[in-house]
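Remarks on the overall topology
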Amino acid sequence: MLSIKNLHASVEGKEILKGINLEIKAGEVHAIMGPNGSGKSTLSQVLAGNDAFEVTEGEVTLNGDNLLDLETEERAREGIFLAFQYPVEIPGVSNLQFLRTAVNAMRKHKGQDEMNAAEFMKLAKEVSKQVDLDPAFLKRGVNEGFSGGEKKRNEIMQALLLQPKLAILDETDSGLDIDALKVVSDGVNALRSEDRAILMVTHYQRLLNHIVPDYVHVLAGGKIIKSGGRELALELEEKGYGWLGIKDDDTSN
Amino acid sequence: MKSVPMLSSAFLHPAGESLPEPLLALRKERASALVDMPLPTRKTENWKYSSKYLKLADDMAISLPAEGKTGNSLAVPGYKVVFINGVMIPEASEYPDLDGIEILSFNDLANDEAEALPAKLGSTLNHDQVQFARLNGARFEDGLLIRLKPDAVLDQPLFIIHETSADASGSAYPRIYVEAGANSQLTLVEEYTSSGEASALVSTVTEFNLADGANVTSIRLNMEGENVQHIGATGVLQQRSSRFESHCVGFGGPLRRHDLQVRLEGEGAETKLNGVVVTQGKQHYDNHTSIDHVAAHCNSEETYRNIAADQSHAVFNGRIHIHQDAQKSNADMNNKNLLLSNGAEIDTKPELEIYADDVKCAHGATIGQLDETSVFYLVSRGIGRRQANVLLTMAFINELVQQIPVEAVRETAQARLSDFFEQTFQEA
Ligand SMILES: Nc1ncnc2c1ncn2[C@@H]1O[C@H](COP(=O)(O)OP(=O)(O)O)[C@@H](O)[C@H]1O
Ligand SMILES: [Mg+2]
């Protein structure tokens, strides 16, 4: 489904990604682990099409089509979804209006009828229950005044509504307490399917106890330095990043 | 030395002789004060950003005739008075005969009924700051007198449609005077709209005189066409414990100017002024507000937002004057601006004059651009860039639009604003 070959990307002239190679097939769940500053969010943002990051070399294809040629909104319509590490707050646009506009943009792209306000409200209420967000959050501004955990649940809610082909989850576990982690991982597990792929980006392996990946990759210094199965995550947990000779200066979380 | 441009004498000749005698006399008196009226230049402090947009040709001095079509605008759920080119059209108007409430065209006043008016018309305004209100005073051909007796309550909003109909060049001078008796209540909606293509000038004056405890809400929608230059003044006088609330929504034009002057003369009076301005293309809009805290224990709260796209130009000047005896005044002024292009210009200036020592006065002004992170977030969900821009631009003013208390107006404003932004972002 997604094929990344020798991807280099830089921001403000500084090279962050230094030759990433990754193949993800439909139905698979991949985890990318790495210390802070290793380029995990950069990779996620580049895939979603944030033009603050410049791709300097390499190629990315989605089901054979050149992804890098597409605008961000086109990538989304082709099925790329990024759950942001830091979702933005947008006061003045209600969550409901935002979600309906997004869902209808996708439906329009697929040649389906747009959903009216009442139909959408019904759907949105169901899905908000699924991620344990009070429907009152639908009326608030997008992420406005949401706690960290509420923002993450709102991201998963969007994934559930938009039903992407490839869901990229950037540190979706950070800042969650145990209960919220359960809710979020149930949401992600609900997304798992034959024709969908999931790319989880995380510093810690605790999320991987709930969402069991098929493959684990270690990102350091802008490159994938090691790949393996689930056991690689456990090994990392046990031995720390130092085991691979990587400096992990992170003290947060 | 270059001579100062003067208002052409062509503008000194009013039309419409059917006004009652005292008002004809008033007009004549105001006209004589105009003989030496200098036109604003960029050296005129309160016009420095806007004088270049003022383009008065002699043929615009002609009074536009009170004819033409109306009703391209609001679906009016309440009472309605229609003016075309400053003259009331009774056939198109529908308003009630309610106890304690008089709604009268100046032209329908008997001479003795009109006798008290000359002392009132203009009394709410500081004419040195609103030079063009004098022009209105010299030229109005009709007007609306709204009088609420003490405790009278208008049960529905009163809509006043001011249509400028210009098939040939000319000008119009709409005028409204509202006298709200003690504890009376009124919501007034003024909509300024236009038809026809010829260049026109509209010079308006609206006045609100609030007695003790009166509660008045004023909504003003400015949506005339590209052929119309609009110079409007609103004056508000507030007595003890009265409450005034204003919602102005303005769309840019070749020249748009609105002066809003509020005087808090009685203790415990409250005023709340909201304003939204949007400009695109080469449009202009200039809001000048002025709040005088004359009495103690009054509150004022002012929130204005400008959005300027393309090469357009928006101006906000907010003056707050807290007089010496106005202790315990509470004044809060906030002006936020959104520039949608590098070619657009926004000028914002607070003017605070505080002569009392025990007051709270806060003010803030910002100028910013659309937040790229927010745009990216929206488009990453499949929302088109243009639609994302429209959503975020609407978001900037949504809080103010949502506060418009009359649903029909709120919806019209919302729809017009979103159409406007769709157009703004067409190329994007
Ligand atoms: N917008 C940006 N401007 C400048 N440097 C950035 C920007 N975004 C990321 N970086 C830098 O790129 C590197 C990788 O960051 P990031 O991708 O966020 O890492 P991770 O998500 O793995 O913690 C860091 O050194 C970070 O400082
Ligand atoms: Mg990160």
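The name given to chain A in an unreviewed UniProt entry is Fe-S cluster assembly ATP-binding protein, with the source organism recorded as Marinobacter nauticus.

Between chain A and chain B, the residue contacts involve 32 residues of the former and 17 residues of the latter. The tally of links from chain A across to chain B stands at one salt bridge. Notably, a salt bridge pairs A:E155 with B:R381, separated by 2.7 Å at the nearest N-O pair. One can count eight residue pairs in polar contact (both at pLDDT 80 or more) joining chain A with chain B. Listed by contribution, the elements that provide at least two residues to the side of chain A that touches chain B are α1 (40-48), α2 (72-77), β6 (80-83), β7 (90-94), α3 (95-109) and α5 (148-162) of chain A.

For the rest of this paragraph, the subject is the site of ligand 1. All names here are of chain A. In the vicinity of ligand 1 there are 13 residues, among which I16, G37, K40, S41 and T42 approach most closely. Between an oxygen atom of ligand 1 and a side-chain N or O atom of K14, the distance comes to 3.4 Å. In the complex, the protein chains occlude 66% of the 550 Å² of accessible area that ligand 1 would expose alone. Those elements giving two or more residues to the shell around ligand 1 turn out to be β2 (14-24) and α1.

Note on placement: A:E119 falls in helix α4 (residues 117-130). Put simply, A:E119 and A:R100 are 19 residues apart on the chain and 9.9 Å apart in space, counted from C-alpha to C-alpha.

Moving on, we come to the pairing of strand β12 (residues 243-251) of chain B. All names here are of chain B. Extensive coverage of β12 is indicated by the burial of eight of its nine residues. Sheet topology note: the strand β10 (residues 215-222)/β12 ladder contains eight bridges and is parallel. What sits directly across from S218, in β12, is S246. In the sheet, β12 pairs with strand β14 (residues 270-279) via nine bridges, with the strands oriented parallel. Bridging from a neighbouring strand, R243 pairs with E270 of β14.

Our next topic: the coordination of the magnesium ion (ligand 2). Six octahedral donors around a metal ideally make angles of 90 or 180 degrees; four tetrahedral donors ideally make 109.5 degrees. Residue and element names in this part refer to chain A. Note on the magnesium ion (ligand 2): its protein donors are S41 (OG) and Q85 (OE1). The metal-donor distances range over 2.0 to 2.2 Å. With S41 in helix α1 and Q85 in the loop between β6 and β7, this pair connects stretches of sequence that are 44 residues apart. Exposure remark for Q85: the relative accessible area of 15% places this residue in the buried category.

All right, on to the confidence of the model for chain B then. Mean pLDDT over chain B works out to 94, with 97% of the residues at or above the 70 mark. The ipTM for the predicted assembly is 0.95, set against a pTM of 0.91.

A few words now on a negative patch on the surface. A contiguous patch of negative charge, built from A:D51, A:D65, A:E71, A:E74, A:E78, B:D371 and B:E372, is present on the exposed surface. For A:E71, the position within the fold is in the loop between β5 (65-66) and α2.

Our focus in this paragraph is the packing of aromatic side chains. For any pair of aromatic rings, geometry is given as the distance between the ring centres together with the angle between the planes. With the rule as written, the count across this model stands at ten aromatic pairs over all chains. Measuring from ring centre to ring centre gives 5.0 Å for A:F84 and B:Y377, while their planes differ by 65 degrees; the resulting arrangement is edge-to-face. A residue pair is termed interchain when its members come from two chains, as with A:F84 in the loop between β6 and β7 and B:Y377 in helix α5 (residues 372-379). Overall, the relative accessible area of 5% leaves A:F84 in the buried class.

With that out of the way, let us pick up the pairing of strand β17 (residues 313-322) of chain B. Residues and elements named next belong to chain B. Across the ten residues that make up β17, a large majority, ten, are buried. The sheet contact formed by strand β15 (residues 284-293) and β17 spans ten bridges and is parallel. The residue of β17 that forms the bridge with D286 is V315. As defined by bridge partners, β17 adjoins strand β19 (residues 345-354) across ten bridges and the pair is classed as parallel. For F316, the partnering residue across the bridge sits in β19 and is T348.

Residue and element names in this part refer to chain A. The contact between α5 and helix α6 (residues 178-191) brings their axes to 10 Å, and the two run at 15 degrees. The orientation of α5 with respect to α6, classified from their angle, is roughly parallel. For the element pair α5 and α6, the recorded crossing hand is left-handed. Across the interface between the two elements, R153, I156, A159 and L160 of α5 pack against V183, V184, G187, V188, A190 and L191 of α6. Along the lines of polarity and charge, the residues of the contact of α5 with α6 split into eight nonpolar, one polar and one charged.

Reading the values: the criteria
- Residues numbered from 1 in each chain as written.
- Chains lettered and ligands numbered in written order.
- Predicted model: local features only at pLDDT ≥ 70, side-chain atom pairs only at ≥ 80, totals over all residues.
- Heavy atoms only, no water.
- Contact = heavy atoms within 4.5 Å.
- Salt bridge = Lys/Arg side-chain N within 4 Å of Asp/Glu carboxyl O.
- Polar contact = N/O pair within 3.5 Å; in protein donor to acceptor, adjacent residues only side chain to side chain.
- Helix = DSSP H or I, 4+ residues; strand = E, 2+ residues; numbered from the N terminus.
- Near = heavy atom within 4 Å.
- Areas by Shrake-Rupley, 256 points an atom, 1.4 Å probe, with all protein chains shown as cover.
- Buried < 20%, exposed > 50% of the residue type's maximum accessible area, 1.4 Å probe, protein only.
- Pairing = 2+ DSSP bridges.
- Donors = N, O, S within 2.8 Å, 3.2 Å for Na, K, Ca; no water.
- pLDDT = per-residue confidence, 0-100.
- Patch = residues over 30% accessible without salt bridge, like charges linked within 9 Å, V, L, I, M, F, W, Y side chains within 5 Å.
- Lys, Arg positive; Asp, Glu negative; His and termini not counted.
- Charge placed at Lys NZ, Arg CZ, Asp CG, Glu CD.
- Phe/Tyr/Trp six-rings, centres within 6.5 Å; stacked < 30°, edge-to-face > 60°.
- Axes fitted to C-alpha atoms, helices over the stretch in contact; angles between N-to-C directions.
- Parallel < 35°, antiparallel > 145°, perpendicular 65-115°, else oblique.
- Left-handed = near helix turned anticlockwise from the far one by under 90°.
- Nonpolar A, V, L, I, M, F, W, Y, C, P; charged D, E, K, R; others polar.

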